[in-house]
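Read off the chains here:
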Amino acid sequence: MELSLSIFLIIYLICLLFILIMTIFNLYHSWRFGMNNFTNFLMMSIYIVILFVIIFFSIKFISSVDWKSTFEIIIF
Amino acid sequence: MPYSTLFPGQEPNEKIIKLMRRHWWILFKTIFLYFILILLPFVLKGIIINYTVLFESEVVSVVFGLFLSLYYFFIITLFFRAWLDYYLDIWIITSERVVNVEQKNLFSRRIASFRLYRIQDVTADVKGILPTFFHYGNVHIQTAGAKQEFIFKQISDPYTVTKILIKLVNWKKGILNKQGVLQNN
């Protein structure tokens with residue numbers, strides 16, 4: 001049976017959605033209860049910057065893959 | 001809107017005596033654990049490349065790449081969660097009361113407080129080698145009535161905090177006794 005590699009991309013995007021929800025809640029808590037001080041602001045900034053770095057490398061990797069190519073599953 | 005005060009209900013002339021979080025060692029342990037978790041995929045990949053031929057398959061490479069991306073998203077998100085747990089869990093001693101602000105999980109935040117004159121007993125405990133070495137431990141505060149006890153968890157210098165609290169409680173009770181509010185206590 002042949003499957004497209006894009007199936008992994010769909011699973012990846014579903015997991016990413018879950019992480020996105022967690023990220024939104026994290027940032028909300030930090031903003032709402034973090035008392036508007038420098039330490040909190042610094043940590044939020046570092047968190048967002050690291051997220052963007054991961055997003056950058058993820059997009060770079062995803063765009064390098066041919067998602068239309070297929071692979072074969074051997075069913076016994 | 002973000003809170004402009006340390007805790008909701010802070011009175012305008014309420015003086016903050018001490019603000020406490022968990023000891024820095026607790027945060028350090030978390031940072032160290034996440035540092036190990038960040039390095040883990042590189043070590044695993046190194047082992048797999050050296051001892052197997054798995055990465056010669058395109059599918060394995062693609063799955064590993066996607067897994068790596070998700071893994072780092074998870075790690076950084078969980079690390080920020082751990083930081084928030086550390087940073088938003090605070091215990092405050094004011095001139096009027098003791099406040100406990102605790103971020104339980106993503107959807108639960110608990111703020112509790114009680115007046116200084118309600119405190120009946122304050123004890124500190126430092127258990128274990130590392131707490132003894134780094135001077136951190138718990139402070140247990142018991143109040144009058146059926147209200148549950150407060151615990152300042154893993155704070156720095158618990159014995160000093162206990163002394164400060166006992167002094168404050170005696171001072172507050174003295175004032176209230178003079179005013180005739182606490183005649184029976």
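Structure report, in brief. (Residues numbered from 1 in each chain as written. Chains lettered and ligands numbered in written order. Predicted model: local features only at pLDDT ≥ 70, side-chain atom pairs only at ≥ 80, totals over all residues.)

## Concerning the overall build of chain B
Here is step 1 of the chain: Scanning chain B for helices and strands turns up four helices and seven strands.
Here is step 2 of the chain: Sequence-ordered secondary structure for chain B, helices as α and strands as β, is β-α-α-β-β-β-β-α-β-β-α.
Here is step 3 of the chain: For 185 residues, the compact-globule formula gives about 16 Å, and the C-alpha radius of gyration of chain B, at 24 Å, lies well above that figure.
Here is step 4 of the chain: Seen through its C-alpha atoms, chain B measures out along the principal axes to roughly 85 × 40 × 25 Å.
Here is step 5 of the chain: Expressed as a percentage of its 185 residues, the buried residues of chain B come to 21%.
Here is step 6 of the chain: Pairs at least 24 apart in sequence give 54% of the contacts found in chain B among residues at least 6 apart. (Helix = DSSP H or I, 4+ residues; strand = E, 2+ residues; numbered from the N terminus. Rg over C-alpha atoms; globule rule 2.2 N^0.38 Å. Buried ≥ 20, exposed ≤ 12 C-beta atoms within 10 Å, placed from the backbone. Contact = placed C-beta atoms within 7 Å.)

## Side note on the interface of chain B and chain A
Here is step 1 of the chain: At the interface, 24 residues of chain B touch 28 residues of chain A.
Here is step 2 of the chain: The dominant element in the side of chain B that touches chain A, judged by the number of residues it contributes, is helix 2 (residues 58-88) of chain B, at 18 residues.
Here is step 3 of the chain: Residue composition of the side of chain B that touches chain A, by class: 18 nonpolar, four polar and two charged. (Nonpolar A, V, L, I, M, F, W, Y, C, P; charged D, E, K, R; others polar.)

## Section: the sheet that holds strand 1 (residues 16-20) of chain B
Residue and element names in this part refer to chain B.
Here is step 1 of the chain: Spatial ordering of the open sheet is given by 1-2-3-4, a layout of four strands whose pairing is antiparallel. The sheet is open, and its two borders are formed by strand 1 and strand 4 (108-115), each paired with just one other strand. The sheet shows a mean angle of 10 degrees between the axes of neighbouring strands, direction not considered.
Here is step 2 of the chain: Looking at chain direction, strand 1 and strand 2 (residues 90-94) are connected through four bridges and run antiparallel. The partner of M20 across the bridge, within strand 2, is W91. (Pairing = 2+ DSSP bridges. Axes fitted to C-alpha atoms, helices over the stretch in contact; angles between N-to-C directions.)

## As for the packing of helix 2 (residues 38-64) of chain A against helix 2 of chain B
Here is step 1 of the chain: Contact geometry of helix 2 of chain A with helix 2 of chain B gives a least axis separation of 10 Å together with a crossing angle of 175 degrees. Classified by the angle their axes make, helix 2 of chain A and helix 2 of chain B are roughly antiparallel. Contact residues: helix 2 of chain A offers N40(A), M43(A), Y47(A), I50(A), L51(A), I54(A), S58(A) and F61(A), while helix 2 of chain B offers G65(B), S69(B), Y72(B), F73(B), I76(B), F80(B), W83(B) and Y87(B).
Here is step 2 of the chain: By residue class, the composition of the contact of helix 2 of chain A with helix 2 of chain B is twelve nonpolar, four polar and no charged. (Parallel < 35°, antiparallel > 145°, perpendicular 65-115°, else oblique.)

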